[in-house]
Amino acid sequence: TYDSSGTYIANIGQGSLSSVAPSVGSYWNAGIFNLTPSTNLSVSSIDAMAMATSGGTVEVWTCIGNASGQIADASNWTLAGSAVVTANNNFDLVNVPVTGISGNIGDTIGVWVYMPSGIIFDPVNGSAFELENSDINLGISNGLMAGGAPGSTTTTSPAAYSFAGNINYILGEGCDSTA
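Residues numbered from 1 in each chain as written. Predicted model: local features only at pLDDT ≥ 70, side-chain atom pairs only at ≥ 80, totals over all residues. Heavy atoms only, no water.

(A) Expanded view of the overall build of the protein. Tallying secondary structure elements over the protein gives zero helices and 13 strands in all. The helix and strand sequence of the protein, counted from the amino end, reads β-β-β-β-β-β-β-β-β-β-β-β-β. For the protein, the proportion of its 179 residues judged to be buried stands at 48%. Contacts spanning at least 24 positions in sequence make up 81% of the contacts within the protein whose residues lie at least 6 apart. Here the protein has roughly 7400 Å² of accessible surface; of this, 50% comes from carbon and sulfur atoms. (Helix = DSSP H or I, 4+ residues; strand = E, 2+ residues; numbered from the N terminus. Buried < 20%, exposed > 50% of the residue type's maximum accessible area, 1.4 Å probe, protein only. Contact = heavy atoms within 4.5 Å. Areas by Shrake-Rupley, 256 points an atom, 1.4 Å probe, with all protein chains shown as cover.)

Spelled out as structure tokens, the structure:
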């Protein structure tokens, strides 16, 4: 699906553009997962499902490579974008424009979405950072929830959570994520 600006919209997580709440929702302050492009692409924005009665902000952080080995070291993460979260928008998708999240075939890109007022994830079976869903251009892993920004404490039970939202990307704009 393409929007009016030519951005490809990949509805590859729990939840969709219709903002349907997950069947078994959990929330904490942050979610961590991996993206694996199967073609050159650039992520233009991320829609995260809010649990935000009080409003606030949402931040998207990224790292080069698999997030699982970089969780504890905040210096490995770069702020890619942020947005305002309005009050009383429980289970609404909040669009966060991002820059600097791009990749080629074979890359792994770690993503950390931090929303202090609460972000929705779904508990899933399996281990964290296994492929959860994909389309022809991009895969998304399940992951972990965390108590805050990069470097903060993560969940250990259950072992994995699924991101509730959308990854919006533009084809043909990937770059060498190791540069």
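(B) Fine view of the nonpolar core. Judged by nonpolar contacts, the single largest core of 29 residues is most densely connected at Phe-33, Leu-35, Val-113, Phe-163 and Ile-167. Core analysis: the second largest hydrophobic core is formed by 12 residues, Trp-61, Cys-63, Ile-71 and Ala-146 among them. (Core = buried A, V, L, I, M, F, W, Y, C linked by side-chain atoms within 4.5 Å.)

(C) Fine view of the pairing of strand β2 (residues 26–37). Counting buried residues along β2, nine of its 12 residues qualify, which places the element largely inside the surrounding structure. Summarising the sheet, β2 and strand β8 (residues 109–124) pair through nine bridges and their orientation is antiparallel. Bridge pairing in β8 links Gly-31 to Val-113. Where β2 meets strand β11 (residues 144–146), three bridges bridge the pair, whose relative direction is antiparallel. Looking at the pairing, Gly-31 lines up with Met-145 of β11. One ladder, built from three bridges, connects β2 with strand β10 (residues 138–141); its direction is antiparallel. Residue pairing across strands places Thr-36 opposite Gly-139, the latter belonging to β10. (Pairing = 2+ DSSP bridges.)

(D) Focus on unusual backbone geometry. Residue Phe-129 is not a glycine yet carries a positive backbone phi of 70°. Residue position: Phe-129 is located in the loop between β8 and β9 (131–134). With a relative accessible area of 15%, Phe-129 lands in the buried category.

(E) Highlighting the pairing of strand β4 (residues 56–64). Across seven bridges, β4 lies against strand β5 (residues 78–85) in antiparallel orientation. Paired with Val-58 across the strands is Ala-83, a residue of β5. Taken together, the six bridges between β4 and β8 define a ladder with antiparallel strand orientation. The residue of β8 that forms the bridge with Ile-64 is Ile-109.

(F) Representation of the confidence of the model for the protein within the structure. For the protein, per-residue confidence averages 78 on the pLDDT scale, and residues scoring 70 or more make up 79% of the total. Ranking the elements of the protein by mean pLDDT puts strand β1 (residues 8–10) last, at 53, and β5 first, at 95. Overall, residues 11–24 carries pLDDT values under 50, and its contacts beyond four positions in sequence, including any with other chains, amount to 44 contacts. (pLDDT = per-residue confidence, 0-100.)

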